[in-house]
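Okay, here's what each chain looks like letter by letter:
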Amino acid sequence: GGSGSLTAAALAAAPPGVQKQMLGEKLYPMIHRYQPELAGKITGMMLEMDNSELLILLESEPQLKVKVDEAMRVLQAAK
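For clarity, every value in this text was computed on a predicted model and none was experimentally measured.

Draft legend 1. Quick peek at the overall build of the protein. Helix and strand counts for the protein come out as five helices and zero strands. When the helices and strands of the protein are read in sequence order from the N terminus, they spell out α-α-α-α-α. A globule of 79 residues ought to have a C-alpha radius of gyration of about 12 Å, and the protein, at 12 Å, matches this closely. Each principal axis of the C-alpha atoms in the protein carries an extent, and together these give about 40 × 25 × 20 Å. A total of 79 residues make up the protein; the buried ones form 32% of that total. Long-range pairs, those at least 24 residues apart, make up 55% of the contacts in the protein between residues at least 6 apart in sequence. Counting every atom, the protein has about 4900 Å² of accessible surface; 57% of that belongs to carbon and sulfur. The positive charge centre, built from 8 side chains, and the negative charge centre, built from 9, are 4 Å apart in the protein.

Next up, the structure:
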């Protein structure tokens, strides 16, 4: 990862409230590629997960996609 990637160390150095914001800013564009219309909502759902899990998703696009698909199922079931 280059300077664009978010490291656990960089995250740990930030206050808790800012950590979720940092993660959200990284997650949103990735989720937007799969679900542009619901990216905001899905990002919000994912930010309820542990930061350590979210860091794994940021490093692994396939795992992120699985979570996006799960979130879609939850949203569709909630309709």
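Draft legend 2. Highlighting the environment of Gly 40. Structurally, the position occupied by Gly 40 is in helix α3 (residues 39-46). The class for Gly 40 is partly exposed, based on a relative accessible area of 45%.

Draft legend 3. Representation of the nonpolar core in the model. With 19 residues, the main nonpolar core has Leu 23, Leu 27, Ile 31, Ile 42, Met 46, Leu 54 and Leu 64 as its most contacted residues. Among the secondary structure elements, those contributing two or more residues to this core are α2 (16-34), α3, α4 (51-59) and α5 (61-78). The element best represented in this core is α5, accounting for five residues.

Draft legend 4. Looking closely at α4. Asn 51, Leu 54, Leu 55, Leu 57 and Leu 58 are the residues of α4 that are buried. Angularly, the buried residues of α4 cover 160° about the axis, an arc narrow enough to put them on a single face.

Draft legend 5. Here's a closer look at the packing of α2 against α5. Where α2 meets α5, the closest approach of the two axes is 10 Å, and the angle between their N-to-C directions is 70°. Comparing their axes, α5 and α2 come out roughly perpendicular. Here the hand of the crossing between α2 and α5 comes out right-handed. Here Leu 27, Met 30, Ile 31, Arg 33 and Tyr 34 of α2 come into contact with α5, specifically with Glu 61, Leu 64, Lys 65 and Val 68.

So, how was this worked out
Residues numbered from 1 in each chain as written. Predicted model: local features only at pLDDT ≥ 70, side-chain atom pairs only at ≥ 80, totals over all residues. Heavy atoms only, no water. Helix = DSSP H or I, 4+ residues; strand = E, 2+ residues; numbered from the N terminus. Rg over C-alpha atoms; globule rule 2.2 N^0.38 Å. Buried < 20%, exposed > 50% of the residue type's maximum accessible area, 1.4 Å probe, protein only. Contact = heavy atoms within 4.5 Å. Areas by Shrake-Rupley, 256 points an atom, 1.4 Å probe, with all protein chains shown as cover. Lys, Arg positive; Asp, Glu negative; His and termini not counted. Charge placed at Lys NZ, Arg CZ, Asp CG, Glu CD. Core = buried A, V, L, I, M, F, W, Y, C linked by side-chain atoms within 4.5 Å. Arc of directions from axis to C-beta. Axes fitted to C-alpha atoms, helices over the stretch in contact; angles between N-to-C directions. Parallel < 35°, antiparallel > 145°, perpendicular 65-115°, else oblique. Left-handed = near helix turned anticlockwise from the far one by under 90°.

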